[in-house]
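Residue-level listing of the chains:
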Amino acid sequence: MALSVSEIFTSILGESTLAGRPAFFIRLAGCNLRCRWCDTPYAYEGGGSWEVEALLEAARASRQRLVLVTGGEPLLQEDTLLLLSRLGDAGHEVLLETNGSLPIRAVDRRVRRIVDVKCPGSGMDGAMHWPNLAEVTPSDEIKFVVGSREDFEFAEAVIRRFGLAGGPALLISPVFGEVPLAEAARWVVESPLPLRLNLQWHKIIWGPETRGV
């Protein structure tokens, strides 16, 4: 029951509908995708070995109720499912951020699942596990990282195709430094869909190269 971990730290959530809340972060190592604008390539591989119990103790010691398990791609590691459930058992509010390429069905339903849908600009749009969009609930979130107007229109088409409006939170996340925030805001305001602009507050506050925040 050990996991390969890239880093752990305490900070505020920079993204999601819970952005701004303090949280304990567990970033797992290893990823099966290579998105063009990935901002955590250091988590592609490597990492140190942590027992699930040690991670639970680190979360407890952080004194944070909210815990985010992210990556890399967390669902590549079998024991991630156990970690998520044990965090829930310990009374934590648990979030999972996943790249959307692997099934989410087995994830503990107490966990808020933040599922990426890869847009064409990422270069990884062909890797999506589309059945995940039938699994999400109103307590989950779907994130579209958009690097262009074309990516934004792709996101709108996916939302319509899978009937996602009125279900999970629909996050539009402009690629930092590539899409002007005012322009992304205009797209969201002008869309008839129930979208939410998802800024990366950790990059705005500490800069895009700072780790552990």
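Okay, so let's go over this structure. (Residues numbered from 1 in each chain as written. Predicted model: local features only at pLDDT ≥ 70, side-chain atom pairs only at ≥ 80, totals over all residues. Heavy atoms only, no water.)

If you look at the biggest cluster of nonpolar residues, it comprises 44 residues, and the most contacted ones within it are Ile 26, Val 69, Leu 83, Leu 87 and Phe 144. When neighbours within four sequence positions are excluded, Leu 83 is seen to be in contact with Leu 3, Ile 26, Val 52, Leu 55, Leu 56 and Val 69. Within the second largest apolar cluster, nine residues are counted, among which are Phe 9, Leu 13, Leu 68 and Leu 95. (Core = buried A, V, L, I, M, F, W, Y, C linked by side-chain atoms within 4.5 Å. Buried < 20%, exposed > 50% of the residue type's maximum accessible area, 1.4 Å probe, protein only. Contact = heavy atoms within 4.5 Å.)

In total, this model carries 19 salt bridges according to the counting rule given. As a salt-bridge pair, Asp 116 and Lys 118 come within 3.1 Å of each other at their nearest N and O atoms. A single salt-bridge network, built from bridges that share partners, covers Glu 15, Glu 97, Asp 116, Lys 118 and Lys 143. (Salt bridge = Lys/Arg side-chain N within 4 Å of Asp/Glu carboxyl O.)

By the secondary structure assignment, Lys 203 is in helix α5 (residues 201–206). Separated by 2.8 Å, the side chains of Lys 203 and Asp 39 make a polar contact. In this structure Lys 203 touches Asp 39, Phe 176 and Pro 208, once residues within four positions along its chain are discounted. (Helix = DSSP H or I, 4+ residues; strand = E, 2+ residues; numbered from the N terminus. Polar contact = N/O pair within 3.5 Å; in protein donor to acceptor, adjacent residues only side chain to side chain.)

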